[in-house]
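# Chains, contacts and geometry: an overview
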Amino acid sequence: MSSYDYDLFVIGGGSGGVRGARVAASLGKKVAIAEEYRYGGTCVIRGCVPKKLFVYASQFHEHFEDAAGFGWTVGESSFDWKKLVAAKDVEIARLEGLYKKGLAGANAEILETRAELVDAHTVRLLKTGRTVTAKTIVIATGGRPNPHAALPGHELCISSNEAFHLEELPKSMVISGGGYIAVEFANIFHGLGVETTLIYRGAEILSRFDEDLRRGLHEAMVAKGIRILCHDTLQKVSKGEDGLVLETLNNGTLQAGVVMLALGRDPNTEGLGLEAAGVAVDERGAVIVDEYSRTNVENIYALGDVTNRVQLTPVAIHEAMCFIETEYKNNPTRPDYELIPTAVFSQPEIGTVGLSEEDAGKRYSELEVYRAQFRPLKATLSGRAERMIMKLIVDAASRKVVGAHILGHDAGEMAQLLGITLKAGCTKDDFDRTMALHPTAAEEFVTMYAPSYRIRDGKRI
Ligand code: NDP
């Protein structure tokens, strides 16, 4: 009989922690999981899920406009922000309930308290002060928005956390950052009628994506009416007579009702007792783990955003499943980070898997690039000026498709399926001998027979 209270103690009830706790409990392990805020973590409570609901909400005004081209007359429409927030909250509460139900159903003990490490096998539950022991501990405390403490007036700004619960929709908003969150929320708030400005320090938004798509999205966002200021940063935010006053490096003074910072996320390790337990962190405070998600302390693992590997929900879940294999099934399993499909839920959407043209150019001596840009069928009658971009990046030597990129409707859905083809190692010839499904946008991927151009030694020829 074990001398510990639990076989496994999980700190953090987000995607990774809940999955690890639930599956371990279902294997008959004695498991407890502690969460200080709400079960579901960033993804469910204040991230992916509510964000996607807001994306849907922000698209309706375009749907109403487009309807006219198809013979519909849409009556007067109006938008109620409070109603949206309330409806979203109901759905989030339902999902949180499902997370807890899953844990309870597997016989994991659900603790609603902050938990901190006392030593390598002991955890203190802050609500009661009680300490408990566990043979194995998993740290899955996730991350939080970078507050940008160096910015004078940063305390006047909001992050994505608060964006989900604004009392009122502001008339205008400035969003700082050029990554996933900044771009997605710029589109959401613009779509809901907020005058939106995006301010980004680099030359082009979404620095880690294919250049072509970045440019295409930038142009589409500007055409919709979003102001994008590249090569610029906020220098100071202060209270003015009518909202906030922002000093920028290159665009003078701006005014906004709300300023949102979306400058990356920091790991949640402060005050967690990592030092007491002897767990090492990197210079950003992220828990250092080996390729099996094990920390430098033998019985302590860490999963998800707290480890600063790839900050995506499915990655945290995958890491949790690998942890289960490694720890409980005698099958050491390393998470596989190759070819992770990802989407930016911008408008138009970006979906991508594999290498961008630029990165592939550095890795392969010759590439074939297949590129299509076209007006989607729906836009013919709606009259909406929009273009889709689709690209396949092919290694000329092996014929393998090493990157697939989409800008346009359902790009995320397509990227998920293209992910399977790239993972399976499909060649361009496999794409060519696949029958087209007509009329779809995705059929472009199997009907681009001749390369649009080639890249040799990193240069377009
Ligand atoms: P990202 O890493 O995507 O973007 C951070 C942005 O902030 C970058 O544009 C970066 O610029 C900029 N930045 C960082 N520091 C500064 C600074 N000091 N001054 C000015 N600009 C700065 O982070 P997000 O916060 O947007 O999102 C966090 C993570 O959450 C993402 O990495 C992603 O993994 C995940 N996420 C995923 C989503 C999805 O799957 N659809 C949606 C939302 C989030 P630069 O590019 O020049 O470094």
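This write-up is about the structure you can find in this document. None of the values given here were measured: they were computed from a predicted structure.

## Considering the packing of helix H3 (residues 48–67) against helix H6 (residues 180–191)
For the pair H3 and H6, interaxial distance at closest approach is 8 Å and the crossing angle is 40°. By the angle class used here, H3 and H6 are oblique. Handedness of the H3/H6 crossing: left-handed. Contacts between H3 and H6 pair Lys51, Phe54, Val55, Ser58 and His61 from the former with Glu184, Phe185, Asn187, Ile188 and Gly191 from the latter. The residue makeup of the contact of H3 with H6, split by class, is four nonpolar, four polar and two charged.

## Quick word on the pattern of salt bridges
With the rule as written, the count across this model stands at 34 salt bridges. A salt bridge links arginine 94 to glutamate 91; the nearest nitrogen and oxygen atoms lie 2.9 Å apart. Placement of both arginine 94 and glutamate 91 in helix H4 (residues 81–105) is noted, with a separation of three residues, approximately one turn of the helix. On the basis of relative accessibility, which here comes to 46%, the residue arginine 94 falls in the partly exposed class. According to the relative accessible area criterion, glutamate 91 is partly exposed, its value standing at 24%. Arginine 399 serves as the salt-bridge partner of glutamate 368, at 2.8 Å between the closest nitrogen and oxygen.

## Re the packing of H6 against helix H7 (residues 211–224)
Following both chains from N to C, one finds H6 and H7 inclined at 20°, their axes separated by 11 Å at the closest point. Between H6 and H7, the angle falls in the class roughly parallel. The handedness of the crossing between H6 and H7 is left-handed. Touching Val183, Ala186, Asn187 and His190 of H6 are Leu217, Met221 and Lys224, all from H7. Counted by class, the contact of H6 with H7 contains four nonpolar, two polar and one charged residues.

## Here we look at the site of the ligand
Every one of the 18 residues lining the ligand counts as a neighbour, but Ile181, Ser207, Arg208, Gln311 and Ala343 are closest to it. One nitrogen or oxygen atom from the side chain of arginine 208 is found 2.7 Å from an oxygen atom belonging to the ligand. For the ligand, whose accessible area on its own is 910 Å², the fraction buried by protein is 78%. With three residues, H6 is the largest single contributor of residues to the shell around the ligand. Here the shell around the ligand is built from residues that sort into eight nonpolar, five polar and five charged.

## What to know about the pairing of strand E2 (residues 31–34)
On any regular strand, side chains alternate: one points to one face of the sheet, the next to the other face. On E2, burial covers both faces: Val31 and Ile33 on one face and Ala32 and Ala34 on the other are all buried. Relative to E2, strand E1 (residues 6–11) is paired through four bridges, and the arrangement is parallel. Following the sheet pairing, isoleucine 11 is matched in E2 by alanine 34. After leaving E1, the chain enters helix H1 (residues 15–26) and then returns to the sheet as E2, a path that is right-handed.

## Notes on the nonpolar core
Leu198 and Met221 are the most contacted members of the largest nonpolar core, which has 40 residues in total. Every element with two or more residues in this core is listed here: H3, H4, strand E8 (172–176), H6, H7, strand E14 (258–261) and strand E17 (342–344). Among the elements that make up this core, the one with the highest residue count is H6 (six residues). Once residues lying within four places of it in the same chain are set aside, the contact partners of methionine 221 are Val183, Ala186, Asn187, Leu198, Ile205, Ile226, Ile228 and Gln347. If you look at the next biggest cluster of nonpolar residues, it comprises 25 residues, including Ile11, Leu125, Leu274 and Val287.

Cut-offs used in this document
- Numbering of residues starts from 1 in every chain and runs along the sequence as written.
- In keeping with the predicted nature of the model, local features appear solely for residues at pLDDT of at least 70, side-chain atom pairs appear and are counted solely at 80 or more, and the whole-chain, interface and lining totals rest on all residues.
- By convention in this description, side-chain values take in all heavy atoms of the structure and omit both hydrogens and water.
- The axes used here are C-alpha line fits, helices contributing only the stretch in contact, and every angle between their N-to-C directions lies in the interval 0 to 180 degrees.
- Only runs of H or I of at least four residues qualify as helices and only runs of E of at least two qualify as strands under DSSP, and these elements are numbered from the N terminus.
- Roughly parallel covers angles under 35 degrees, roughly antiparallel covers those over 145, roughly perpendicular covers 65 to 115, and oblique covers all other angles.
- For any helix crossing, the convention is left-handed if the near helix is rotated counterclockwise from the far helix by under a right angle, and right-handed if that rotation is clockwise.
- Throughout, a residue-residue contact means that at least one pair of heavy atoms, one from each residue, lies within 4.5 Å.
- Put simply, Ala, Val, Leu, Ile, Met, Phe, Trp, Tyr, Cys and Pro go in the nonpolar bin, Asp, Glu, Lys and Arg in the charged bin, and everything else, Gly too, in the polar bin.
- Criterion for a salt bridge: a side-chain nitrogen of Lys or Arg within 4 Å of a carboxyl oxygen of Asp or Glu.
- Exposed residues in this analysis have more than 50% of their type's maximum accessible area, buried residues have under 20%, and partly exposed residues fall in between, with area computed by a 1.4 Å probe over protein chains only.
- Near residues are defined by distance, with any heavy atom within 4 Å of the molecule or strand qualifying the residue.
- Pairs of N or O atoms are called polar contacts if they sit within 3.5 Å, as long as, within protein, a hydrogen donor faces a hydrogen acceptor (for residues adjacent in sequence, only side-chain-to-side-chain pairs).
- The Shrake-Rupley method, run with a 1.4 Å probe sphere, supplies the accessible areas, and residue values consider only the shown protein chains as cover.
- The criterion for strand pairing is that DSSP finds at least two bridges linking the strands in question.
- A clockwise path from the first strand over the helix to the second, with the strands pointing away from the viewer, defines a right-handed crossover.
- As used in this record, nonpolar core signifies buried Ala, Val, Leu, Ile, Met, Phe, Trp, Tyr and Cys residues forming a set joined through side-chain atoms within 4.5 Å.

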